[in-house]
Amino acid sequence: MDTNTTAHLVGGPRDGTHETGNEALVEVEIDGLMHRYIKTTKQQDDGRPLYNYDGAVAPDGGEPGVEDAAARVASPRADAEGHGGTY
C-alpha cells in the first residue's frame with residue numbers, strides 16, 4: 001500500500017495542500033513562529049489526510065510577560081533545531 005505524504009491543511013496561514021511526510025504533527029515556520037497542524041482521522045475525497053490548524057507558538061516556547069516560558073514545552077521542531085528557553 002502506498003502512503004500519501006501530501007495532505008490538506010485546514011485553517012491557519014497554510015490552508016491548502018502541503019507535503020507532510022505522513023507525520024502526526026506538522027510544523028511550518030512562518031515569520032518566526034511555529035504554526036502547528038494536527039493530523040485527523042478524516043480524509044479528503046481524493047484520499048489525502050486532513051490536518052487541522054492548532055495555533056502558533058514561539059520557537060522558544062512562549063512570550064515574556066504572557067506566560068512562564070521556562071515552564072512551557074516548545075515545539076518539537078524548535079527543540080530539534082536547538083531553540084529553547086531563552087526568556
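The structure contained in this document is the topic of the report that follows. Note that this is a predicted model, so its numbers are computed, not measured.

1. Re unusual backbone geometry
When glycine is set aside, most residues are seen to have a negative phi, and most peptide bonds are trans.
Then, number 1: The residue N22 is not glycine, and still its phi comes out positive at about 60 degrees.
Then, number 2: Residue position: N22 is located in the loop between β2 (16-19) and β3 (25-30).
Then, number 3: Assessed through its relative accessible area of 32%, N22 is described here as partly exposed.
Then, number 4: Of note in this structure, D31 is not a glycine but carries a positive phi near 50 degrees.

2. Comments concerning the nonpolar core
Then, number 1: A7, L9, V26, V28, I30, Y37 and Y51 together form the largest nonpolar core, which totals 7 residues.
Then, number 2: Put simply, the parts of the chain that give this core at least two residues each are β1 (6-10) and β3.
Then, number 3: Considering every element that reaches this core, the biggest residue donor is β3, with 3 residues.

3. Comments concerning the pairing of β3
Then, number 1: Direction of pairing for β3 relative to strand β4 (residues 33-43): antiparallel, over a ladder of 6 bridges. Within β4, the residue paired with E29 across the bridge is M34.

4. Some thoughts on the sheet that holds β2
Then, number 1: Pairing within the open sheet is mixed, and its 5 strands lie in the order β2-β1-β5-β4-β3. Among the strands making up the open sheet, the edge pair consists of β2 and β3. Across the sheet, the mean angle from the axis of one strand to that of its neighbour is 40 degrees, orientation sign disregarded.

5. With respect to the environment of V26
Then, number 1: If you trace the backbone, V26 turns up in strand β3.
Then, number 2: The spatial distance from the C-alpha of V26 to the C-alpha of Y51 is 8.2 Å, given a sequence separation of 25 residues.

6. Topic: the side chain of H35
Then, number 1: On the secondary structure map, H35 appears in strand β4.
Then, number 2: Reaching out from H35, the side chain makes a polar contact with the side chain of Y53 at a distance of 2.7 Å.

7. Re the pairing of β1
Then, number 1: Pairing between β1 and β2: 4 bridges, direction antiparallel. Its bridge partner lying in β2, H8 is registered against T17.
Then, number 2: Hairpin remark: β1 followed by β2, antiparallel, with 5 residues in the connecting loop; positive phi at G11, about 85 degrees.
Then, number 3: As paired elements, β1 and strand β5 (residues 49-57) share 3 bridges and run parallel to each other. By the bridge assignment, H8 is partnered in β5 with L50.

Conventions we followed
Residues numbered from 1 in each chain as written. Predicted model: local features only at pLDDT ≥ 70, side-chain atom pairs only at ≥ 80, totals over all residues. Heavy atoms only, no water. Helix = DSSP H or I, 4+ residues; strand = E, 2+ residues; numbered from the N terminus. Buried < 20%, exposed > 50% of the residue type's maximum accessible area, 1.4 Å probe, protein only. Core = buried A, V, L, I, M, F, W, Y, C linked by side-chain atoms within 4.5 Å. Pairing = 2+ DSSP bridges. Axes fitted to C-alpha atoms, helices over the stretch in contact; angles between N-to-C directions. Polar contact = N/O pair within 3.5 Å; in protein donor to acceptor, adjacent residues only side chain to side chain.

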